[in-house]
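# Report on the structure
Below are the chains, spelled out letter by letter.
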2 protein chains.
Amino acid sequence: MTSTPVARPDEVRRYNRTSLLRRLHLAGPSTRASLATELGLNRSTIKTLVDGLARAGVVAERVPRPGRQAGRPSLLVLPQPEAAVVLAVDVRVEHVALAMVGLGGQILGRDSWNLRGRTREPEEVVTRLVESTEPLATDLGVRPVACGVSVPGVVRRADGHVHEAPNLRWSGVALGRRLTSALAVPVVVGNDAELAALAEYLRGTATGTPDVVFVSADIGVGGGVIAQGASLRGGAGYVGEIGHMAVRPNGRPCYCGTTGCWETEVGEAAFCRALGLPENSPRGAVVAELHALASEPAVARRRLAELADWLTLGLVNIVNLFGGELVVLGDLFTELPAPVLDDIDRAVRERSLVSRALGGVRVRTSALGPDVKLLGAAEAAFETVLDMV
Amino acid sequence: MTSTPVARPDEVRRYNRTSLLRRLHLAGPSTRASLATELGLNRSTIKTLVDGLARAGVVAERVPRPGRQAGRPSLLVLPQPEAAVVLAVDVRVEHVALAMVGLGGQILGRDSWNLRGRTREPEEVVTRLVESTEPLATDLGVRPVACGVSVPGVVRRADGHVHEAPNLRWSGVALGRRLTSALAVPVVVGNDAELAALAEYLRGTATGTPDVVFVSADIGVGGGVIAQGASLRGGAGYVGEIGHMAVRPNGRPCYCGTTGCWETEVGEAAFCRALGLPENSPRGAVVAELHALASEPAVARRRLAELADWLTLGLVNIVNLFGGELVVLGDLFTELPAPVLDDIDRAVRERSLVSRALGGVRVRTSALGPDVKLLGAAEAAFETVLDMV
């Protein structure tokens, strides 16, 4: 309800320092004057903080590029990417991507490899992660101070325990504990859609919108919710499994043990069915077929009608249940032809009771591209260390 | 992410005072020693706070009833109910209940009246509320310091604007503003299920469970979510409308403009259909029929099978989407025969992916009875004033 007050001046100083760093990390270079306004601090406090951070090499100041403004330009305060680097990991069904992400959110180095057969086993993934991090850290001359990992499964946030990641065939994996001991830094493991929602909120389509739901279709369908500016989690830190919303009584069987789950109607297999492709077609074939439909709105609407109906129904439910103002669609959903997306946007706005109260929910596509989960994993890691930089 | 630190000693003192009052308000009489332990404060701080509150008449100390313990008994610190009284209002479709609730949560006086025809108009309800409060306040010799109102509809929490309360035929009612000016105290207006969830979390079946969903069937079906110990709200403070989850494609038409909403399958009308009663039968007849089934488990299961299936499907969705550890059923759901409730509890636990991760979600019935929304409204009002008592 109410947070514990902090009375010690050094804690106030540290809090202000962290706020300033977070602002620079997320919004980029700023003048001292705009930092003072945005953080509600006076100029002399900002000066003390910036001078201290500059001495520590965490920020630098530089003259901005010449513009049209008259007079002496204000110096810009810039975060120094190498001052705090985190390791971001995106474990997907088919491959693992990892990146070193610097203060300010820039990707400073990256690697990836495919997962097939035995390489998908948790032990193998952990070993390969540690091996792949070494050369990246050596190249940069900087070791990561924390690690964030995105996993497509049911993850307990508190300790990074992966209860179930069905498409990886993982079950009961103590991933957080194993990686913490292998990397010797704080590790945060999160559900992939939860971390993507965080990235959209901090750096993407949802920046500045405190109530947003991210929904994406990969092989499965996942969702993450930001409610009043914070990730929504449930019991034991587990997030919800939006893809397992039952939408079709007596529908197709789902691996989760029930039938008619939303992901059976709007996941990759449903795209294949709608497009007349064999299920399990390569992603490239699915995307090519979707792009081919872009120039034929009538055909696109007809062929994707059923999938669009199920997508709309699930999104109406999501808006009615969470009361979000914005839904961001990711992964395969972003490849849907524009007229189909427009129809869905309009239908969700009209059919949701809560949307009407809010004056119209919007359905938009992610603009962060395939790095969205990697960026979310990086932000989850930064959240744990920004106050220690 | 991080809360603003509070540095001034008087604010720390006020914070501690509010924490102590909240603890006494919710958990009842305690010894100074247990208060010190629970609040993490030292004995001398507790002494100063309790002495100050006792001088102000907000708490009293008394010798506990003789028990089996040897030695001199510790004094109990008790909240004084009249030291802070709030007005709690539960606007229902058929009637309005109001109560004066004292510090500690005790109902000190109450009134209610039926709503029919013109008396259901917002102006009439506000006028009657103000008129009914006067004699209650006079009897007690205490004026309320705040007011909480439960409304069965879509409510914007920030200013108590009722966007839509279909069963009351209210639309666009500035209830918060009107009542604030009529009563001249802070007024909080909330959705009825949201406030019931708060009551269950603070004083009911869900005490101590930080992730809980309350779902109740009255004429409509509503739900409220407590996530990590706080009410879940969406954009502009609106809460979700769980009853309008679409569960049955091409199902029955719902007043919200779509078809197949959950409440068309598990609301009061669905109970009537299942029991072979005319829709719109009086509540008493529905409850009597349900009670008659209590002694015939096989018959109960058969007649309520379809309703139980839809209830289970919606609850599985709720657990999968919100990740709650506990679902509390209210109103008409509490009247379901025990074997049917047991089946639903078991089915939700088995069929929800998230439930399996959490080691088994529980479905329980409310123990707070018909006052649950009234008690929730009282707690919402106390939240706004406990720091000013």
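Because the structure is predicted, anything quoted here is derived from the model rather than measured.

## Quick word on the overall build of chain A
Scanning chain A from N- to C-terminus turns up 14 helices and 16 strands. Since a compact globule built from 389 residues should have a radius of gyration of about 21 Å, the 22 Å found for chain A is in line with a globular shape. C-alpha atoms of chain A, sized along the principal axes, occupy 65 × 50 × 45 Å. In chain A, buried positions account for 48% of the 389 residues.

## Details of the interface of chain B and chain A
When the parts come together, some accessible area is lost, and that loss is often what is quoted as the size of the interface. Each side of the interface is counted separately: chain B has 49 residues, and chain A has 49 residues. Only α1 (9–27), β9 (161–165), α11 (305–322) and α13 (353–357) of chain B provide two or more residues apiece to the side of chain B that touches chain A. Here the element with the most residues in the side of chain B that touches chain A is α11 of chain B; it accounts for six residues. Residue composition of the side of chain B that touches chain A, by class: 26 nonpolar, 15 polar and eight charged.

## Things to note about the sheet that holds strand β13 (residues 221–227) of chain B
Hydrogen bonds between backbone atoms are what pair the strands of a sheet, whose relative direction is either parallel or antiparallel. Residues and elements named next belong to chain B. Strand order in the open sheet made by the five strands is β14-β13-β12-β15-β16, with mixed pairing throughout. Each end of this open sheet is capped by a strand with a single partner; those strands are β14 (230–231) and β16 (362–365). Summarising the sheet, strand β12 (residues 212–217) and strand β15 (residues 326–331) pair through six bridges and their orientation is parallel. Residue pairing in the sheet places Val-212 in a bridge with Leu-326 of β15.

## Thoughts on the pairing of strand β7 (residues 146–151) of chain A
Residues and elements named next belong to chain A. Along β7, six of the six residues are buried, which leaves the element largely enclosed by surrounding structure. The two faces of β7 match: Ala-146, Gly-148 and Ser-150 on one face and Cys-147, Val-149 and Val-151 on the other face are all buried. Of the pairings in the sheet, the one linking strand β4 (residues 85–91) to β7 comprises five bridges and is parallel in character. Paired with Leu-87 across the strands is Cys-147, a residue of β7. Bridge count for β7 against strand β11 (residues 187–191) is five bridges, and the pairing is parallel. Bridge pairing in β11 links Cys-147 to Val-187.

## So, the domain arrangement of chain A
Residues and elements named next belong to chain A. By the assigned domains, chain A splits into domain 1 (9–63 + 72–79), domain 2 (84–195 + 372–388) and domain 3 (207–367). Its C-alpha centre places domain 1 at a distance of 30 Å from the equivalent point of domain 2. Tallying the contact residues gives seven residues for domain 1 and six residues for domain 2. When residues in the side of domain 1 that touches domain 2 are grouped by element, the largest group, five residues, is from helix α1 (residues 9–27). A class-by-class count of the residues in the side of domain 1 that touches domain 2 yields two nonpolar, three polar and two charged.

## Quick notes on the relation of the copies chain B and chain A
Note on the copies: chain B fits chain A at an RMSD of 0.1 Å, the axial shift is 0.0 Å, and the rotation between them is 180 degrees. Such a turn and shift between the copies fits a two-fold axis. By residue overlap, the copies meet face to face through one surface: 98% of the interface positions of chain B are interface positions in chain A.

## Observations regarding the packing of helix α4 (residues 122–140) of chain A against helix α5 (residues 175–183) of chain A
Residue and element names in this part refer to chain A. One can describe the packing of α4 onto α5 by two numbers: an axis separation of 10 Å at closest approach and a directional angle of 30 degrees. The angle between α4 and α5 places the two elements in the roughly parallel class. The two elements α4 and α5 meet at a crossing, and its hand is right-handed. In contact with Pro-122, Val-126 and Val-130 of α4, α5 contributes Leu-175, Arg-178, Leu-179, Ala-182 and Leu-183.

## A closer look at the environment of Thr-312 of chain A
Residues and elements named next belong to chain A. The residue Thr-312 is located in helix α11 (residues 305–322) in this model. Put simply, Thr-312 and Ala-206 are 106 residues apart on the chain and 20 Å apart in space, counted from C-alpha to C-alpha. Those residues in contact with Thr-312, other than ones at most four positions away along the chain, are Ile-344, Ala-347 and Val-348.

## Describing helix α12 (residues 338–351) of chain A
All names here are of chain A. Here α12 spans 20 Å end to end across 14 residues, near enough to the 20 Å set by a 1.5 Å rise per residue. Along α12, the residues classified as buried are Val-340, Asp-343, Ile-344, Asp-345, Val-348 and Arg-351. For α12, the elements touching its buried residues are α10 (297–303), α11, α13 (353–357) and β16 (362–365).

## Observations concerning the sheet that holds strand β8 (residues 154–156) of chain B
All names here are of chain B. Pairing in this open sheet of three strands is antiparallel, and the strands run β8-β9-β10 from one edge to the other. Single-partner strands in this sheet number two, and they are β8 and β10 (170–173). The mean angle between the axes of side-by-side strands here comes to 15 degrees, regardless of whether they run parallel or antiparallel. Bridge count for β8 against β9 is three bridges, and the pairing is antiparallel. Bridging from a neighbouring strand, Val-154 pairs with Glu-164 of β9.

## Here's the deal with the nonpolar core
Counting residues in hydrophobic clusters, the biggest one holds 232 residues, and the most contacted among them are Val-86, Ala-88 and Val-327 of chain A together with Val-86, Ala-88 and Val-327 of chain B. When residues no more than four places from it in sequence are discounted, the contact partners of Ala-88 of chain B are Leu-98, Ala-99, Val-101, Gly-148, Leu-374, Ala-377, Ala-378 and Ala-381 of chain B.

## Overview of the packing of α1 of chain B against helix α2 (residues 32–39) of chain B
Residues and elements named next belong to chain B. For the pair α1 and α2, interaxial distance at closest approach is 11 Å and the crossing angle is 115 degrees. Crossing of α1 over α2 shows right-handed handedness. Each of Ser-19, Leu-20 and Arg-23 in α1 lies in contact with α2, whose residues at this interface are Leu-35, Glu-38 and Leu-39.

## Some remarks on α1 of chain A
Residue and element names in this part refer to chain A. For α1, spanning 19 residues, the distance from its first C-alpha to its last is 27 Å, which sits close to the expected 27 Å at 1.5 Å a residue. Where α1 is concerned, the buried positions are Arg-17, Ser-19, Leu-20, Leu-21, Leu-24 and His-25. Those residues of α1 hidden inside the fold are in contact with β1 (30–31), α2 (32–39), α3 (43–55), β2 (59–62), β3 (76–79) and α14 (372–385). A positive phi of about 85 degrees marks Gly-28, the residue just after α1.

## What about the environment of Gly-260 of chain A?
Residue and element names in this part refer to chain A. Relative to the elements of secondary structure, Gly-260 occurs in the loop between β14 (230–231) and α7 (262–266). Look at Gly-260 and you get partly exposed, because 19 C-beta atoms sit within 10 Å. The contact partners of Gly-260, leaving out residues within four places of it in the chain, are Ala-246, Val-247, Arg-248, Pro-249, Asn-250, Gly-251 and Arg-252.

Each value, and the rule that gives it
Residue indices follow the written sequence of each chain, beginning from 1 at its first position. Whichever chain is written first is A, and whichever ligand is written first is 1; the rest continue in order. Under the rules for a predicted model, residues below a pLDDT of 70 receive no local features and side-chain atom pairs below 80 are neither given nor counted, while totals for whole chains, interfaces and linings still include all residues. Runs of H or I in DSSP of at least four residues are treated as helices and runs of E of at least two as strands, each being numbered from the N terminus. Each radius of gyration reported is based on C-alpha atoms, and the globular scaling rule is 2.2 Å times the count of residues to the power 0.38. Working definition of burial: number of other C-beta atoms within 10 Å of the residue's own, with buried at 20 or more, exposed at 12 or fewer, and partly exposed in between, all C-beta atoms being placed from the backbone. Two residues form a contact once the distance between their C-beta atoms, set from the backbone, is within 7 Å. In the scheme used here, Gly and all other residues not listed as nonpolar or charged are polar, with Ala, Val, Leu, Ile, Met, Phe, Trp, Tyr, Cys and Pro taken as nonpolar and Asp, Glu, Lys and Arg as charged. Here, a strand pair is defined by DSSP locating no fewer than two bridges between the strands. An automatic or database domain assignment supplies the residue ranges for each domain. In superposing the copies, a least-squares fit is computed on C-alpha atoms, taking residues whose pLDDT is at least 70 in both. Interaxial angles span 0 to 180 degrees and are taken between N-to-C directions of axes, which are lines fitted to C-alpha atoms, for helices over the stretch in contact. By the definition adopted for this analysis, an angle is roughly parallel if under 35 degrees, roughly antiparallel if over 145, roughly perpendicular if from 65 to 115, and oblique otherwise. The crossing is said to be left-handed when, going from far helix to near helix, the turn is anticlockwise and less than a right angle, and right-handed when the turn is clockwise. A helix is expected to span 1.5 Å multiplied by its residue count minus one. Nonpolar core, as used here: buried Ala, Val, Leu, Ile, Met, Phe, Trp, Tyr and Cys residues forming one set through C-beta atoms within 7 Å.

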